[in-house]
Amino acid sequence: SAQTRSYASRAEKANPILKKLFGLMEEKKTNLCVSVDYTDPSKILDIIDKVGPKVCMVKTHIDIISFSSVDAIRSFTASLTALSQKHNFLIFEDRKFADIGSTVQHQYRGGVYNIVEWAHITNAHSFPGPGIVTGLGEVMLKEAKEPRGLLLLAEMSSAGNLSTEGAYRAKTLQMARDHKDIVCGFIAMGNQIVTESGDDSDDFIFMTPGVNLADKGDAHGQQYQSPEFVIGEKKSDIIIVGRGIIKAEDPVAVAEKYRAAGWEAYEKRTVA
Ligand code: S5P
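Each value, and the rule that gives it
Residues numbered from 1 in each chain as written. Predicted model: local features only at pLDDT ≥ 70, side-chain atom pairs only at ≥ 80, totals over all residues. Heavy atoms only, no water. UniProt positions renumbered as here; feature names shortened; annotations may be inferred. Near = heavy atom within 4 Å. Polar contact = N/O pair within 3.5 Å; in protein donor to acceptor, adjacent residues only side chain to side chain. Nonpolar A, V, L, I, M, F, W, Y, C, P; charged D, E, K, R; others polar. Helix = DSSP H or I, 4+ residues; strand = E, 2+ residues; numbered from the N terminus. Expected span 1.5 Å × (residues − 1). Buried < 20%, exposed > 50% of the residue type's maximum accessible area, 1.4 Å probe, protein only. Arc of directions from axis to C-beta. Axes fitted to C-alpha atoms, helices over the stretch in contact; angles between N-to-C directions. Parallel < 35°, antiparallel > 145°, perpendicular 65-115°, else oblique. Left-handed = near helix turned anticlockwise from the far one by under 90°. Contact = heavy atoms within 4.5 Å. Phe/Tyr/Trp six-rings, centres within 6.5 Å; stacked < 30°, edge-to-face > 60°.

Per an unreviewed UniProt entry, the chain carries the name Orotidine 5'-phosphate decarboxylase and comes from Ascobolus immersus RN42. In its Catalytic activity (unreviewed entry) section, the UniProt record describing the chain reads: "orotidine 5'-phosphate + H(+) = UMP + CO2". Regarding the chain, the UniProt comment filed under Sequence similarities (unreviewed entry) reads as follows: "Belongs to the OMP decarboxylase family."

Listed below in structure tokens is the structure:
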């Protein structure tokens, strides 16, 4: 199977957010994103402080966390930001926006979460069409104080998901190609969605959930693959691991196992 270019060489002509990401991945030798799906805010911050050195990104679901007040939300996002600076990782709010452009602008900047202010990266479904990209893009480019990036969900890990129907993936890709200043990559099972129809896969980052070394799936259709398969065979760039790490008896030791497995698979597939 074909080899791929290094993260470092892809950083050279990348936009600001990917430049930062590829750079810190090489520096820390990690392509692991941990999905910290706990509901207790102090438990979340505690584990992030411990696994921070091993990850390139921390993924949150801000709307599953039990906050006692709006002030508690502010203090959480401030602490998260401080940890991202301390350990040099990016923050990815897994919001999965899915509405018309005008509505997602409000959801992205407003409400009680003010996502654009603290999340380096967020994601959206392509289902509503290109207006979701331009809507979020306008907030990103005009209101954010630092570089931001959007991932489109091109594929999902869950059984029976509809991304394989008709032209869904091809049209998602087209939306990304039309807006490379906004879309920095994909949630996908590998890089094939791009390599099948062009040679611009290096312009995007590919992030893959559904990674677990111990389980095959869960009771609700989640489907798991190994880091070796996702990075080595499918040529994704980043593994996203939730319960494999956060439910482990020793999350820090297990995070190191995923980091090492993901990095080894990357080194094997890479040319300088
Ligand atoms: O297709 C997807 C897309 C995402 S972002 N499948 C997923 O599982 N996710 C997210 O990845 C999901 O919302 C969860 O936060 C994480 C996977 O968690 P795990 O515990 O199954 O590893």
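**With respect to the site of the ligand**
Looking at the ligand, there are 14 residues lining it, with Asp 37, Lys 59, Ser 157, Tyr 224 and Arg 243 nearest. In this structure, an oxygen atom belonging to the ligand sits 2.9 Å away from a side-chain N or O atom of His 61. Between the ligand and Arg 243 there is a distance of 2.7 Å, counted from an oxygen atom to a side-chain nitrogen or oxygen. Residue composition of the shell around the ligand, by class: four nonpolar, five polar and five charged.

**With respect to helix α4 (residues 70-87)**
Look at α4: 26 Å from first C-alpha to last across 18 residues, which is about the 26 Å you get at 1.5 Å a residue. Ile 73, Phe 76, Thr 77, Leu 80, Leu 83, Ser 84 and His 87 are the residues of α4 that are buried. Seen along its axis, α4 keeps its buried residues to an arc of 120 degrees; they face one direction. Exposed residues on α4 whose side chains face more than 90 degrees from its buried face are Asp 71, Gln 85 and Lys 86.

**Brief notes about the packing of helix α3 (residues 41-51) against helix α12 (residues 251-269)**
Close contact between α3 and α12 brings their axes to 10 Å; oriented N to C, the two are set at 50 degrees. Our classification of the angle between α3 and α12 gives oblique. When the axes of α3 and α12 are compared, the crossing they make is right-handed. In contact with Ile 47, Lys 50 and Val 51 of α3, α12 contributes Pro 251, Val 252 and Ala 255. Of the residues in the contact of α3 with α12, the class split is five nonpolar, no polar and one charged.

**Digging into the packing of aromatic side chains**
Tallying each qualifying case throughout the model produces eight aromatic pairs. Aromatic pair Phe 97 and Tyr 108: ring centres 5.7 Å apart, planes at 75 degrees, arrangement edge-to-face. In this pair, Phe 97 is assigned in strand β4 (residues 90-97) and Tyr 108 in helix α5 (residues 101-109), connecting sequence segments eleven residues apart. Tyr 108 carries the same exposure label as Phe 97, and that label is buried. Ring centres of Trp 263 and Tyr 266 lie 4.7 Å apart, and the angle between their planes is 50 degrees; this geometry places the pair in the tilted category. With Trp 263 and Tyr 266 both in helix α12 and three residues apart, the pair spans about one turn of that helix. Every member of this aromatic cluster is reached through a ring pair, and the members are Tyr 7, Phe 22, Trp 263 and Tyr 266.

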